[in-house]
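This is what each chain is made of:
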Amino acid sequence: AGVLSTTQLTQYSTEENADNSVERLDTSWRTSFPETMLAVTVGDTLTSSLIWSRPTRIGGIRLSRNFALQPYRITTPLAAFSGEAVLPSTVDLYIDGVRQSTHSLLPGRFQLDGSPSLNGTGQAQLVITDINGQRRTLDFSLYGSPRLLQAGLSDWSLEGGVIRREYGQRSLRYGDFPLASASLRHGMSKHLTLQTHVEGSHGIGQAGAGAVLLLGQRGGVVSGSWASSRAGARTGQQRGLGYQWASPRFAAAASTLRRSADYRDVAAVHEGATLPRRTEQASLGISTPAGQLGLSYVMQRHP
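In this text the structure is predicted, and so the values were computed from the model without any measurement.

1. What about the overall build of the protein chain?
Scanning the protein chain from N- to C-terminus turns up 1 helix and 19 strands. A globule of 303 residues ought to have a C-alpha radius of gyration of about 19 Å, yet the protein chain, at 25 Å, is considerably larger. A buried classification covers 37% of the 303 residues belonging to the protein chain. Within the protein chain, counting contacts between residues at least 6 apart in sequence, those at least 24 apart form 52% of the total. Working note: accessible area of the protein chain is about 17200 Å², and carbon and sulfur atoms make up 55% of it. Between the mean site of the 29 positive side-chain charges and the mean site of the 22 negative ones, the protein chain shows a separation of 8 Å.

Laid out in structure tokens, this is it:
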């Protein structure tokens, strides 16, 4: 029927007049439906978030899609490889030099849907061998990113409840006002994935949208987002832009997220968790035979 779990934080000291305590952290009941990839959580949980929003601890219910319930399902866009065989042939598909599959073909045009697990650039080869032993090779460039979804595939989450307060300090402290939150990612095509997130509570409403776009076959991934909030009489905006490129030897990424002075989310209004006015990130990575080297820069400007 599901899994019931609870966690707690216990502090004990042998010193005289020590502040010994036991505080409950999370208690929840979870059940899953693998056929529909649906997960249900009742109790203490986190609201969903995207790269340009942030989660909030709540006590309530969460309904969400969980791709891990079908671990062999591929959620990123599949690569399509096409060619033509004059004679009955055998075609071998290689991704970065590793054979992925073998198919027998009849004469005529053909198309194969590959399932490479890539995070960055890659190289695919089709080796076509006909019944006379003649062999020819077709080369394809690939780029894969876990931030993209297959065309027509959706990832979503719905939450409702009340905000968890003083987490780790009090066992049963919850807010007085209900909260609702929802997130959605949808694959429009193998190159474009759209995103949206909304949340609201007493005195605060926030909504936003974003997109992740694959630039050609080797150009990397660019992302953008825009969100607006209204807290009382104050209206604010948030804008984000990012770029990511990776290969087996080199990776680079940069992003910026900027908020106006009046931009708020639920946690900022009801918990006082202020948001940075500006966040900048950049990173470089190099993989060598001796190991991996990385350099990163992160800046946050708070009000």
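2. A look at the environment of Gln11
For Gln11, the position within the fold is in strand β1 (residues 3–11). Sequence separation between Gln11 and Val22 is 11 residues, and the spatial gap between their C-alpha atoms is 6.4 Å. Once you skip the residues sitting within four places of it in the chain, Gln11 turns out to touch Asp19, Asn20 and Ser21.

3. Section: the pattern of salt bridges
On inspection of all chains with the given rule, the structure shows 12 salt bridges. Note that Arg164 and Asp44 form a salt bridge whose closest N and O atoms lie 3.5 Å from each other. Of this pair, Arg164 sits in strand β11 (residues 154–164) while Asp44 sits in strand β3 (residues 38–46), placing them 120 residues apart in sequence. Here the two residues Arg164 and Asp44 agree in accessibility, since each one is buried. Between Arg185 and Asp155 there is a salt bridge, with the nearest N and O atoms lying 3.4 Å from each other. You can see Arg185 sitting in strand β12 (residues 174–187) and its partner Asp155 sitting in strand β11, a full 30 residues away along the chain. For the pair Arg185 and Asp155, one class covers both residues: buried. Here the salt bridges do not stand alone but share partners, grouping Arg24, Asp44 and Arg164 into one network.

4. Side note on the pairing of strand β10 (residues 135–144)
In this structure, strand β9 (residues 120–130) lies alongside β10, joined through 10 bridges in antiparallel fashion. Residue pairing for β10: Gln123 is matched across the bridge by Ser141.

5. A word on the sheet that holds β10
An order of β7-β6-β9-β10 is seen for the 4 strands of this open sheet, with the pairing classed as antiparallel. At either margin of the open sheet sits one strand with a lone partner, and together these are β7 (98–105) and β10. Taken pair by pair, the neighbouring strands of this sheet meet at an average axis angle of 20°, ignoring direction. Summarising the sheet, strand β6 (residues 89–95) and β7 pair through 7 bridges and their orientation is antiparallel. Note that in β7 the partner of Thr90 across the bridge is Ser104.

6. Some points on the side chain of Gln238
Tracing the chain through its elements places Gln238 in strand β16 (residues 234–246). Reaching out from Gln238, the side chain makes a polar contact with the side chain of Arg259 at a distance of 2.7 Å. Once residues lying within four places of it in the same chain are set aside, the contact partners of Gln238 are Trp52, Ser225, Trp226, Ala227, Leu257, Arg258, Arg259 and Tyr263.

7. Section: a nonpolar patch on the surface
A surface patch of nonpolar side chains, amounting to about 520 Å² of accessible area, comprises Leu4, Trp29, Val42, Ile61, Leu63 and Leu158. Mapped onto the elements, Leu4 comes out in strand β1.

8. Topic: the pairing of strand β13 (residues 192–201)
The two faces of β13 differ: Thr193, Gln195, His197, Glu199 and Ser201 on one face are buried, but Leu192, Leu194, Thr196, Val198 and Gly200 on the other face are not. Pairing of β12 with β13 involves 9 bridges; the strand directions are antiparallel. Across the sheet, Gly187 pairs through a bridge with Thr193, a residue of β13. Connecting β12 to the antiparallel partner β13 that follows it, the hairpin turn spans 4 residues.

9. Concerning the nonpolar core
If you look at the biggest cluster of nonpolar residues, it comprises 12 residues: Ala79, Phe81, Val91, Leu93, Ile95, Leu105, Phe110, Leu112, Ala124, Leu126, Ile128 and Leu142. Contributions of two or more residues to this core are made by β5 (79–85), β6, β8 (108–114) and β9. Other than its neighbours up to four places away in sequence, Val91 contacts Ser101, Thr102, His103, Leu105, Leu112, Leu126, Val127 and Ile128.

10. Side note on the layout of surface pockets
Its volume calculated, the largest pocket comes out at about 600 Å³. Together, 38 residues line the largest pocket, and Ile51, Trp52, Ser255, Leu257 and Gln281 are the ones closest to its centre. Counting only elements with at least two residues in the lining of the largest pocket, the list comes to β13, β14 (204–214), β15 (221–231), β16, β17 (250–259), β18 (278–288) and β19 (291–301). Residue composition of the lining of the largest pocket, by class: 15 nonpolar, 17 polar and 6 charged.

Cut-off values and rules
Residues numbered from 1 in each chain as written. Predicted model: local features only at pLDDT ≥ 70, side-chain atom pairs only at ≥ 80, totals over all residues. Heavy atoms only, no water. Helix = DSSP H or I, 4+ residues; strand = E, 2+ residues; numbered from the N terminus. Rg over C-alpha atoms; globule rule 2.2 N^0.38 Å. Buried < 20%, exposed > 50% of the residue type's maximum accessible area, 1.4 Å probe, protein only. Contact = heavy atoms within 4.5 Å. Areas by Shrake-Rupley, 256 points an atom, 1.4 Å probe, with all protein chains shown as cover. Lys, Arg positive; Asp, Glu negative; His and termini not counted. Charge placed at Lys NZ, Arg CZ, Asp CG, Glu CD. Salt bridge = Lys/Arg side-chain N within 4 Å of Asp/Glu carboxyl O. Pairing = 2+ DSSP bridges. Axes fitted to C-alpha atoms, helices over the stretch in contact; angles between N-to-C directions. Polar contact = N/O pair within 3.5 Å; in protein donor to acceptor, adjacent residues only side chain to side chain. Patch = residues over 30% accessible without salt bridge, like charges linked within 9 Å, V, L, I, M, F, W, Y side chains within 5 Å. Core = buried A, V, L, I, M, F, W, Y, C linked by side-chain atoms within 4.5 Å. 1 Å grid on protein atoms, 1.4 Å probe; cavity = no way out; pocket = protein on both sides within 12 Å on 5 of 7 lines; lining within 4 Å. Points joined across faces, edges and corners; volume = space filled by probe spheres on them. Nonpolar A, V, L, I, M, F, W, Y, C, P; charged D, E, K, R; others polar.

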